[in-house]
Amino acid sequence: MALRNALLRHLRVPVTVRGSKQSPIRFIRAFSSHDDHLSKQDVVDRVLDVVKSFPKVDPAKVTPDVHFQKDLGLDSLDTVEIVMAIEEEFKLEIPDKEADKIDSCSLAIEYVFNHPMSS
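Counting restarts for each chain: residues are numbered from 1 in the order of the written sequence. Confidence filtering applies because this is a predicted model: local features only for residues at pLDDT of at least 70, side-chain atom pairs given and counted only at 80 or more, and all residues used for totals across whole chains, interfaces and linings. As a rule here, side-chain values come from all non-hydrogen atoms in the structure, and water together with hydrogens is ignored.

On to the side chain of His 115, then. To qualify as a helix, a DSSP run of H or I must reach at least 4 residues; to qualify as a strand, a run of E must reach at least 2; elements of each kind are numbered from the N terminus. Here His 115 shows up in the segment after α5 (105-114). A relative accessible area of 17% means that His 115 is categorised as buried. Here a polar contact is taken to be a pair of N or O atoms separated by no more than 3.5 Å, where protein atoms must pair a possible hydrogen donor with a possible acceptor and residues adjacent in sequence count only if both atoms sit in side chains. Of the polar contacts made by the side chain of His 115, one reaches the backbone nitrogen of Met 117; its length is 3.1 Å. Each residue's exposure class comes from its accessible area (1.4 Å probe, protein chains only) as a fraction of the maximum for that residue type: buried when under 20%, exposed when over 50%, partly exposed otherwise.

On to the packing of helix α2 (residues 40-52) against α5, then. Here α2 crosses α5 at 135 degrees, and the two axes come no closer than 9 Å. In terms of orientation, α2 lies oblique with respect to α5. Classified by chirality, the crossing of α5 by α2 is right-handed. In this structure, α2 uses Lys 40, Val 43, Val 44, Val 47, Leu 48 and Val 51 to contact α5, whose residues at the interface are Cys 105, Ala 108, Ile 109, Glu 110, Val 112 and Phe 113. Angles shown run from 0 to 180 degrees and are taken between the N-to-C directions of axes, each axis being a line fitted to C-alpha atoms and, for helices, limited to the stretch in contact. If an angle is under 35 degrees, it is roughly parallel; if it is over 145, roughly antiparallel; if it lies from 65 to 115, roughly perpendicular; otherwise it is oblique. Whether a crossing is left-handed or right-handed is set by the direction in which the near helix is turned from the far one by less than a right angle, anticlockwise for left-handed and clockwise for right-handed. In this analysis, two residues are considered to be in contact whenever any of their non-hydrogen atoms come within 4.5 Å of each other.

Checked against the element boundaries, Asp 96 lands in helix α4 (residues 96-99). Take Asp 96: its relative accessible area is 62%, and that puts it in the exposed class. When the C-alpha atoms of Asp 96 and Val 80 are compared, they prove to be 9.8 Å apart, with 16 residues separating the residues in sequence.

Limitation: the analysis is restricted to geometry and does not speak to function.
In structure tokens form, the structure reads like this:
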């Protein structure tokens with residue numbers, strides 16, 4: 001039974017309704033239940049909100065293209081804290097190698113938008 005349930009979660013299964021006088025109705029079980037991918041604008045707004053709420057940042061300077069160190073004057077530790085806040089906001093884990101590359105809002109937005117599990 002457990003094997004059957006595991007397989008059904010990952011396979012498309014056609015289903016027909018018996019006893020109906022109309023033609024059989026077909027349903028298809030989808031591959032994934034994660035259909036609520038965020039829009040680009042949602043990601044932009046939420047990333048900018050996270051950066052604006054950081055204590056050392058002047059919210060008036062925050063734009064989608066702002067660089068954390070060059071434009072906002074943050075150091076590398078501040079950048080790590082912002083990336084951690086973004087992970088928390090979107091409920092995802094960014095590997096260290098990828099997190100080290102995120103040094104601007106635009107890179108954070110692209111990473112989150114392209115991540116399949118961001119929510």
